[in-house]
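The chain contents come next:
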Amino acid sequence: MKTKRSSKFILNLLGFGTAVSLLGDATLYTVLPHPDISAQLGITLSMVGLLLGANRAVRLVLNGPVGFLYDRMPRRGLLIAALSLGAGSSIFYAAGSGFWPLLIGRILWGLAWSLLWVGGNSVVLDVSTEENRGRNSGMYQMWFFIGVAAASLLGSMLTDMFGFRNGQWISVGIIAATALVWVLLLPETRAQDTSVQDASEDIDRPGIMRLPWKVMAVISFTIFISRFLAWGVLAATAVLWLSDIFGTGVQLASYVIPITSFTGLFTALRNLIGVVSTPLAGAISDRYGRRWPVIGLAMIMGGLGLGMMSGEIHLLALIGAFLVPIAGSSIEALTPAIAGDQVPKKVRSRALGLINTAGDLGATIGPFAALGAIHSGWLSLGGIYRIGGALFGLAALLAFSPLVSRQRKISATDERIT
């Protein structure tokens, strides 16, 4: 299906579907760590940590092959299949009980998200130029943060109003309906010119199309730290951190908001920071032609925010919680732009897959490490957040280092390196 659509239409349609796909997954991160919900499903807190990281563990194996697949095949069919798999994963959440059925759902979601994220960012690079890569990437990431915010809030509200299982069945219907919209409207964006048609041959020839491993190592380390903290530690411990501050709920006038719904609201509000910061970070990096200093500044803000969250002063802790998303959102917005700048066109999807493998490794370890440390009594939540602030600081030092500042954009003559 090759249809002429504007890049803005494609980005918004792609972004909307990606946002909707998060409904089942974001709900789990919001409500599953709560003891009442996990008990209903017959799982322990340690099992919750494993389940929340399982989908990312699957992507450690899948991201590379998925990137290779997108370098060889059209985007549209793979993306529609991915969204359909996302609906299928929520069926297991809705109908399953105990560890193993939920694990199958997480594995399905891991495959779905690998296809969605690598494919979605490949489409962003398809419809972008050197002058607007940062802005377009920021726009797509903006939809991701809208999705996390809306899904966390809606999912927690559905859980409180209809129960966890009924809420997940509603999620199945919404995601499936969005997949149908993609069937009707999503165009193919992969170029069909001769140079791209020959990509599969070039990729298989030794010495023709090499990945810039030094560039990828720096990006991979930074996104590992970011997702370990933002997607892993913070996502899995939000309900516990808020319970320490507010107890079982928050009272507004005569109405008490249950802590699960309040966690969803809090997560939604916090991710609105990402909605603003992703297009801003992308636009600034386009304007000045410098991606890494923007990332470095964002990491400093994230480290400061985590330090504030670890303290005993609740007002400062809540302010800090709204600084942390600046770090995660900026690296997510600028990673595809950096790949577009410095990776040959014919292997960009493969590069995105490998970079996301590093990020997913961090996100996989995060929930297990944080919940395991708390459950064993080895670290307090405040201690975990202080360590996280130091890790953000380390990433900031790397972003400002000469190793990164000397990296250059790839030129047309660099596209074929022997």
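Notes on the structure in this doc start here. Small disclaimer: the values here were computed from a predicted structure and weren't measured.

Rules of the game
Residues numbered from 1 in each chain as written. Predicted model: local features only at pLDDT ≥ 70, side-chain atom pairs only at ≥ 80, totals over all residues. Heavy atoms only, no water. Helix = DSSP H or I, 4+ residues; strand = E, 2+ residues; numbered from the N terminus. Expected span 1.5 Å × (residues − 1). Bend = angle between axes of the 7 residues up to and from the residue. Phe/Tyr/Trp six-rings, centres within 6.5 Å; stacked < 30°, edge-to-face > 60°. Lys NZ or Arg CZ within 6 Å of the ring centre and 35° of its normal. Buried < 20%, exposed > 50% of the residue type's maximum accessible area, 1.4 Å probe, protein only. Arc of directions from axis to C-beta. Contact = heavy atoms within 4.5 Å. Salt bridge = Lys/Arg side-chain N within 4 Å of Asp/Glu carboxyl O. Core = buried A, V, L, I, M, F, W, Y, C linked by side-chain atoms within 4.5 Å. Axes fitted to C-alpha atoms, helices over the stretch in contact; angles between N-to-C directions. Parallel < 35°, antiparallel > 145°, perpendicular 65-115°, else oblique. Left-handed = near helix turned anticlockwise from the far one by under 90°. Polar contact = N/O pair within 3.5 Å; in protein donor to acceptor, adjacent residues only side chain to side chain. Pairing = 2+ DSSP bridges.

**What about helix 12 (residues 259-288)?**
In an α-helix, one turn spans 3.6 residues, which is why side chains three or four residues apart end up on the same side. Here helix 12 is 30 residues long and its end C-alpha atoms lie 43 Å apart, about the 44 Å a rise of 1.5 Å per residue gives. If you look at helix 12, its biggest bend is around 25 degrees, right at Ser277, and the proline Pro279 turns up within four residues after that. Two residues or fewer past helix 12, Gly289 is found with a positive phi of approximately 65 degrees.

**Observations regarding the packing of aromatic side chains**
Tallying each qualifying case throughout the model produces 14 aromatic pairs. Members of the aromatic cluster, each reached through a chain of ring pairs, are Trp109, Trp113, Trp117, Tyr140, Phe144, Phe145 and Trp231. Cation over ring: Arg287 sits above Tyr288, and NZ or CZ is 5.8 Å from the ring centre.

**Remarks on helix 14 (residues 314-321)**
Residues Ala317, Gly320 and Ala321 constitute the buried set of helix 14. All buried residues of helix 14 project into a common sector of 100 degrees when viewed along the axis, lining one side. Buried-residue contacts for helix 14 involve helix 11 (213-246), helix 12, helix 13 (292-309) and helix 15 (324-342).

**Side note on the pattern of salt bridges**
If you walk through the whole model with that rule in mind, you get eight salt bridges. Two residues, Asp341 and Arg291, come together in a salt bridge whose shortest N-O distance is 2.8 Å. Taken together, the positions of Asp341 in helix 15 and Arg291 in the loop between helix 12 and helix 13 put the pair 50 residues apart, joining distant regions of the chain. Note on accessibility: Asp341 and Arg291 belong to one class, buried. Here the residues in one salt-bridge network are Arg59, Arg227, Glu332 and Asp360, joined through shared partners.

**Some remarks on the nonpolar core**
The biggest cluster of nonpolar side chains holds 62 residues, and the ones touching the most others in it are Leu32, Ile43, Leu79, Trp113, Phe144 and Trp182. With 12 residues, the single largest contributor to this core is helix 6 (residues 99-126). Among residues more than four places away in sequence, those in contact with Trp113 are Thr18, Ser21, Leu22, Arg59, Val118, Phe144 and Trp231. Of all hydrophobic cores here, the second largest spans 52 residues; its members include Met299, Ala327, Ile338 and Leu381.

**A closer look at the environment of Ala236**
Residue position: Ala236 is located in helix 11. Linking Ala236 and Ile223, residues 13 residues apart in sequence, is a C-alpha distance of 18 Å. Discounting residues that sit within four places of it in the chain, Ala236 has contacts with Tyr29, Pro33, Leu52, Pro367 and Leu371.

**Things to note about the packing of helix 11 against helix 12**
Taken N-terminus to C-terminus, the directions of helix 11 and helix 12 make an angle of 120 degrees; their axes are 10 Å apart at the nearest point. Considered as vectors, helix 11 and helix 12 are oriented oblique to each other. Between helix 11 and helix 12 lies a crossing whose hand is right-handed. In contact with Leu234, Ala238, Val239, Trp241, Leu242, Ser243 and Phe246 of helix 11, helix 12 contributes Ile259, Phe262, Thr263, Phe266 and Arg270.

**Digging into the side chain of Arg56**
As for its position among the elements, Arg56 is in helix 4 (residues 45-72). Here the side chain of Arg56 touches Ala363 through a polar contact of 3.3 Å, landing on its backbone oxygen. Excluding anything up to four places from it in sequence, Arg56 contacts Tyr29, Trp231, Gly232, Asp360, Ala363, Thr364 and Pro367.

**Brief notes about the side chain of Arg106**
Mapping Arg106 onto the fold places it in helix 6. Overall, the relative accessible area of 1% leaves Arg106 in the buried class. Each residue touching Arg106, except ones within four places of it in the same chain, is listed here: Asp25, Leu28, Tyr29, Leu51, Leu52, Ala54, Asn55 and Tyr93.

**As for the pairing of strand 2 (residues 255-258)**
One ladder, built from four bridges, connects strand 1 (residues 249-252) with strand 2; its direction is antiparallel. Bridge pairing in strand 2 links Leu252 to Tyr255. Where strand 1 hands over to strand 2, the hairpin turn is made up of two residues, of which Ala253 adopts a positive phi near 55 degrees.

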